Amino acid sequence: MSSQNNSDWERKFQDVEVEVDPDSSPSSVNSTNASGEIENAFNRIKVWFDGLPPAGRLIVTLVALTIAFSIVSTIFQIVTSLLSTAVFAVILYLVYRFLTTSRSPNQ
């Protein structure tokens, strides 16, 4: 009985939301909030950066570029390691197949 009341209230609440703003749905409200928060954070960072003196802007830019290049370098190293591991695994598999077929008593 209580779950039916809860679902009725939720449905009525959603109906009222649609009457107030017909374009809103629960998923669009969440995505709008998330994009608004990201935009707000970006604007705060931009205002902070614009308030820095030229030397501060240069230092912040250099630090950001250093971090960005280090992240890209790390990603490349991970990809290279994965590719090397895959090549090594294929070589090991081929050696295993060669050794098992050459020792086979069926030949």
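Being a predicted model, the structure only gives us computed values, none of them experimental. (Residues numbered from 1 in each chain as written. Predicted model: local features only at pLDDT ≥ 70, side-chain atom pairs only at ≥ 80, totals over all residues. Heavy atoms only, no water.)

1. Considering the overall build of the chain
Phase 1 of the analysis: A count of helices and strands for the chain gives 3 helices and 0 strands.
Phase 2 of the analysis: Helices and strands appear in the chain in the N-to-C order α-α-α.
Phase 3 of the analysis: For the chain, the accessible surface area stands at approximately 9600 Å², while carbon and sulfur atoms represent 67% of it. (Helix = DSSP H or I, 4+ residues; strand = E, 2+ residues; numbered from the N terminus. Areas by Shrake-Rupley, 256 points an atom, 1.4 Å probe, with all protein chains shown as cover.)

2. So, a nonpolar patch on the surface
Phase 1 of the analysis: On the surface, Ile 59, Val 63, Ile 67, Ile 71, Ile 75, Val 79 and Leu 83 cluster together to form a nonpolar patch covering roughly 650 Å² of accessible area.
Phase 2 of the analysis: For Ile 71, the position within the fold is in helix H3 (residues 54-102). (Patch = residues over 30% accessible without salt bridge, like charges linked within 9 Å, V, L, I, M, F, W, Y side chains within 5 Å. Salt bridge = Lys/Arg side-chain N within 4 Å of Asp/Glu carboxyl O.)

3. With respect to the confidence of the model for the chain
Phase 1 of the analysis: Residues with a pLDDT of 70 or more make up 77% of the chain, whose mean pLDDT is 84.
Phase 2 of the analysis: At the level of individual helices and strands, the chain shows its lowest average pLDDT in helix H1 (residues 2-20), which scores 70, and its highest in H3, which scores 96. (pLDDT = per-residue confidence, 0-100.)

4. Section: the environment of Arg 57
Phase 1 of the analysis: Summarising the element assignment, Arg 57 is placed in helix H3.
Phase 2 of the analysis: Once you skip the residues sitting within four places of it in the chain, Arg 57 turns out to touch Phe 49, Asp 50 and Leu 52.
Phase 3 of the analysis: Among the polar contacts made by the side chain of Arg 57, one reaches the main-chain carbonyl oxygen of Phe 49 at a distance of 3.4 Å.
Phase 4 of the analysis: Looking at Arg 57, its side chain comes within polar contact range of the main-chain oxygen of Leu 52, at 3.4 Å. (Contact = heavy atoms within 4.5 Å. Polar contact = N/O pair within 3.5 Å; in protein donor to acceptor, adjacent residues only side chain to side chain.)

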